[in-house]
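# A structural walkthrough
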Amino acid sequence: MGEKMKNAPVYFAIAQARHNPVLRLGSYAADIQDRMRKVGYPDFKKGVSMAFNLMPQIGDTSQPQNPPVVEQVERLMFFSTDNTKGFIVEQNALSFQTTEYDTFETFADEFIKGLGIVHECVTLAHSERIGLRYLDAIVPPNGEVGLADYLVPGVLGLSSELPDEVEVSHSFTETHIRTAECVVLARTIIQAGPLGFPMDLQPIGVNIAERFKTINGVHAIVDTDASIEGRRLFELDAIKLQLKMLRSGIGMAFDAMVTPTAIAAWKT
């Protein structure tokens, strides 16, 4: 789990803890900012995100349902000077994202550090959901034909079975996995063009590493997303243990999608 590959395919990683709401988040901004600045996140921004609140109709079900209510959700953002990693603090969640992934241990420690800072300032009561997600760029040196050397047949789609004159714009596979500890969504997207992001995930405030910016051609994105849901008393040690469970689930899915040839190439 802690081994660092010399040429690792991870180009984006994000961890998130959802917790009890802190509606007066702005009143804690100065305290959180001061602590974040001292641990390497001096670039501070405020923002808002839009959320749809679906109000249930109570009472007479024959009456028209209430329309969704659009709410503005306050967001505090803290980034490193080089904009390769950062925290996003919202009323009910904290996310840590990076485009310069090192090892799971350093990533998890940094996430827990930021979560601890927020807890010190606002005193969180419980966690609701812990999530971990990785995006890996699969780019064999010999192009499209090399994908079969890097990915197992089950995630390659139909391209190899179709006539040569047929053009395939993209391929998408998804597998839902439930382990004893967590739920894992394992997706593979094969497409041509520049390296991008899934529609439901866009980085905020961080820059993609230069070696991934040059990708422009047929490539695959391996998207592994694991989560544990359930209300638990807020304890940093327990959350870190949950992160290890999530990483184990993601590792199981990732190993089932890529080949030994790919692993050997990323290690050298």
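Residues numbered from 1 in each chain as written. Predicted model: local features only at pLDDT ≥ 70, side-chain atom pairs only at ≥ 80, totals over all residues. Heavy atoms only, no water.

Judged by nonpolar contacts, the single largest core of 59 residues is most densely connected at Ile-32, Phe-111, Leu-151, Leu-243 and Trp-266. At ten residues, the largest contribution of residues to this core is made by helix H2 (residues 104–122). Counting residues in each nonpolar core, the second largest holds 18 residues, with Tyr-11, Ala-137, Ile-189 and Leu-201 among its members. (Core = buried A, V, L, I, M, F, W, Y, C linked by side-chain atoms within 4.5 Å. Buried < 20%, exposed > 50% of the residue type's maximum accessible area, 1.4 Å probe, protein only. Helix = DSSP H or I, 4+ residues; strand = E, 2+ residues; numbered from the N terminus.)

This paragraph deals with unusual backbone geometry. Of note in this structure, Asn-83 is not a glycine but carries a positive phi near 55°. Note on placement: Asn-83 falls in the loop between strand E3 (69–79) and strand E4 (85–90). Of the residues examined, Asn-83 reaches a relative accessible area of 17% and is grouped as buried. The backbone of Thr-123 shows a phi angle near 60°, a positive value even though the residue is not glycine. Tracing the backbone through its elements, the reader meets Thr-123 in the loop between H2 and strand E6 (126–138). Given a relative accessible area of 57%, Thr-123 falls into the exposed group.

This part covers the packing of aromatic side chains. Under the definition given, this model contains eleven aromatic pairs. Here Tyr-150 and Trp-266 contribute two aromatic rings whose centre-to-centre distance is 6.0 Å and whose plane-to-plane angle is 80°, an arrangement assigned as edge-to-face. With Tyr-150 in helix H3 (residues 147–150) and Trp-266 in helix H6 (residues 260–267), this residue pair connects regions lying 116 residues apart in the sequence. The residue whose ring lies beneath Arg-247 is Tyr-134, and the NZ or CZ to ring-centre distance is 5.7 Å. (Phe/Tyr/Trp six-rings, centres within 6.5 Å; stacked < 30°, edge-to-face > 60°. Lys NZ or Arg CZ within 6 Å of the ring centre and 35° of its normal.)

What follows deals with H6. Buried residues of H6: Ala-262, Ile-263 and Trp-266, and no others. Along the axis of H6, the buried residues cluster in a sector spanning 100°; they form a single face. Summarising the contacts, the buried residues of H6 are in contact with E6, H3 and helix H5 (236–257). (Arc of directions from axis to C-beta. Contact = heavy atoms within 4.5 Å.)

Geometric values such as these leave the question of function open.
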